[in-house]
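# Observations on chain architecture
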Amino acid sequence: MQKIAVEIPTKTTQPLIDVRDLSVRFVSRDLDIRVVNGVSFSLEAGGALCILGESGSGKSVTLRALMRLLPPTAQLGGDIVIAGINVKSLPAQDLRSIRGRLISMIFQEPMTALDPVFTIGTQIAESVVFHDRVSYSAGRQRALELLELVQIPSAKRRLDAYPHELSGGLRQRAMIAMALACRPKVLLADEPTTALDATVQIQILLLMRELQRELGMATIIVTHDLGVACEVADDMAVMYAGRFVETGSSTDVMEKPRHPYTLGLLKSTVHGGMRGAELDPIPGAPPDLADLPPGCAFAPRCPKHEPQCDGQMPAMVEVSRAHYARCVRLNEPA
């Protein structure tokens with residue numbers, strides 16, 4: 001069996017995740033698309049960060065960059081340090097050693113992420129056998145324990161089920177079990193409840209939160225659903241056109257938003273008390289990432305737009321303790 005190439009530190013004085021000036025560009029003969037532009041954040045063990053924003057804002061690409069799951073046309077810049085390991089400079093042959101063991105991911109659509117020709121038990125056991133260097137029978141026993149951990153009914157019978165034989169909710173639980181198979185330090189979740197109905201959504205969210213606290217993992221979740229963000233996150237980062245435009249605790253961002261885009265997301269969200277009321281959507285559409293404006297990318301859609309917004313990108317400014325926003329009008333009352 002292949003030897004594990006990268007030793008994962010058990011303790012470190014640094015944040016578990018430390019990302020500095022992360023950038024991702026997709027370059028081809030005809031296009032140069034800047035999908036992620038100078039993203040920086042850190043996260044301690046046991047913390048939960050939610051990256052919030054519209055589709056196309058760069059959320060999923062940010063997660064994939066942390067695992068180096070990008071196509072050959074992608075150009076990666078900045079630094080990604082996880083548990084003391086510089087993931088960006090790690091040789092390609094060593095990446096398999098950390099995926100699943102140091103950092104793991106729950107993908108957006110489990111039906112396409114799971115292999116349709118192998119049973120659920122086989123797919124989970126394979127990861128355990130590779131990373132923990134145990135027998136297949138031990139890997140299968142671990143798979144059974146994981147299916148029970150994520151509360152799949154009749155777990156022993158589900159071991160021999162194929163993905164198409166499970167409902168959407170059970171496939172998502174199986175995907176979570178696979179992500180947790182080798183006890184990762186970091187769990188990434190890309191829109192983990194998008195394909196599920198409302199009842200199953202809340203079950204999955206509560207399960208993820210419970211497992212994150214119980215296992216002490218650092219968790220990063222990307223979503224465009226404010227309800228999901230409120231349920232699972234300690235901290236939030238609002239992303240627009242590949243940049244964080246506001247960051248802070250969930251309470252600060254949701255109750256005291258300072259960037260016009262964050263406020264627009266809140267105003268355009270449907271909730272139970274809005275029966276008969278009109279929505280207040282954000283006008284226009286997200287910008288073309290291949291042709292970003294020199295100033296604030298949100299300026300063409302912003303109700304508070306003024307000429308200086310078109311000059312240069314505003315810097316992140318601390319508006320209160322650990323609450324930052326990127327806007328030229330932050331000196332105005334919240």
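Use the structure listed above.
Below: a short report on this structure. (Residues numbered from 1 in each chain as written. Predicted model: local features only at pLDDT ≥ 70, side-chain atom pairs only at ≥ 80, totals over all residues. Heavy atoms only, no water.)

### Structural notes on helix α8 (residues 198–215)
As a reminder of what qualifies: The secondary structure listing takes helices from DSSP runs of H or I that are at least 4 residues long and strands from runs of E that are at least 2 residues long, numbered from the N terminus. By this rule, a helix spans an expected 1.5 Å times one less than how many residues it contains. The classification of residues rests on relative accessible area computed with a 1.4 Å probe and restricted to protein chains. Under 20% of the type maximum is buried, over 50% is exposed, and intermediate values are partly exposed.
Taking 1.5 Å per residue as the helical rise, α8 with its 18 residues ought to reach 26 Å, and the 26 Å between its terminal C-alpha atoms agrees with that figure. Taken together, the buried positions of α8 are occupied by V200, Q201, I204, L205, L207, M208, R209, L211 and Q212. Where α8 terminates, the next one or two residues include G216, which has phi positive at roughly 70°.

### Considerations on the packing of aromatic side chains
Here is the rule: In this scheme Phe, Tyr and Trp rings, the latter by its six-membered ring, pair at centre separations within 6.5 Å, and the angle between planes marks the pair as stacked below 30 degrees, edge-to-face above 60, and tilted otherwise.
Taken as a whole, this structure holds four aromatic pairs when the rule is applied. Pairing F41 with F244 gives two aromatic rings, centres 6.1 Å apart and planes at 40°, and the pair type is tilted. With F41 in strand β2 (residues 32–43) and F244 in strand β10 (residues 243–249), this pair connects stretches of sequence that are 203 residues apart. Residue F41 is classed as buried on the basis of its relative accessible area of 8%. Its relative accessible area of 4% is what places F244 among the buried residues. Judged by centre distance (5.3 Å) and plane angle (65°), the ring pair of Y261 and F298 falls under edge-to-face. Within this pair, whereas Y261 is found in helix α11 (residues 260–267), its partner F298 is found in the loop between α11 and β11 (317–320), the two being separated by 37 residues in sequence. Accessibility assignment for this pair places Y261 and F298 in one class, buried.

### Considerations on the sheet that holds strand β4 (residues 74–82)
Condition: A pair of strands is considered paired only if DSSP assigns at least 2 bridges between the two. Residues count as neighbours in contact if any of their non-hydrogen atoms are within 4.5 Å of one another. Helix axes are fitted to C-alpha atoms over the stretch in contact, other axes to C-alpha atoms as well, and angles between N-to-C directions run from 0 to 180 degrees.
As summarised here, the arrangement of the four strands in space is β2-β1-β4-β5, forming an open sheet in which the pairing is antiparallel. Across the chains shown, the open sheet's two edge strands, defined by having one partner strand only, are β2 and β5 (85–86). Note that β4 and β5 share two bridges and pair antiparallel. Its bridge partner being in β5, I82 is matched across the sheet by I85. Against the sheet, helix α1 (residues 59–66) engages β1 (17–27), β2 and β4, with an angle of about 115° to β1.

### Comments concerning the layout of surface pockets
The gaps left among the atoms become clear once a water-sized probe is rolled over them. Going by this rule: In this analysis a 1.4 Å probe is tested at points of a 1 Å grid over the protein atoms alone, and where it fits but cannot get out there is a cavity; an open set with protein on both sides within 12 Å along at least five of seven lines is a pocket; lining residues have an atom within 4 Å of a point. Grid points are joined across faces, edges and corners, and a volume is the space filled by probe spheres set on the points. An automatic or database domain assignment supplies the residue ranges for each domain.
Reported here for the largest pocket is a volume of approximately 630 Å³. In terms of lining, the largest pocket is formed by 23 residues, of which the most central are R99, G100, Q123, S127 and M178. Of all the elements in the fold, those that place two or more residues in the lining of the largest pocket are β6 (103–106), α4 (120–132) and α7 (168–179). When residues of the lining of the largest pocket are assigned to domains, at least three fall in each of domain 1 (17–102 + 184–325) and domain 2 (103–183).

### Re the pairing of β1
Of the strand pairs in this sheet, β1 and β4 are connected by eight bridges, and their pairing is antiparallel. Counted as the bridge partner of D18 is V81 from β4. With nine bridges connecting them, β1 and β2 associate as antiparallel partners. Paired with L22 across the bridge in β2 is V39. Counted between consecutive antiparallel strands, the loop separating β1 from β2 contains four residues.

### Observations regarding empty space enclosed by the protein
Selection rule: Each residue is assigned to one of three groups, with Ala, Val, Leu, Ile, Met, Phe, Trp, Tyr, Cys and Pro labelled nonpolar, Asp, Glu, Lys and Arg labelled charged, and all others, Gly among them, labelled polar.
If you walk through the whole model with that rule in mind, you get four cavities of 30 Å³ or more. Of the volumes computed, that of the largest cavity is approximately 70 Å³. If you go around the largest cavity, the residues you meet are H259, P260, C296, F298, A299, C302, K304, C309, C327 and R329. The class makeup of the residues in the lining of the largest cavity is seven nonpolar, one polar and two charged. The computed volume of the second largest cavity comes to approximately 60 Å³. Lining of the second largest cavity is provided by A48, L187, M208, R209, Q212, T219, I221 and V232. Elements supplying a minimum of two residues to the lining of the second largest cavity: α8 and β8 (218–223).

Without other data, these values stay purely geometric and don't point to any function.
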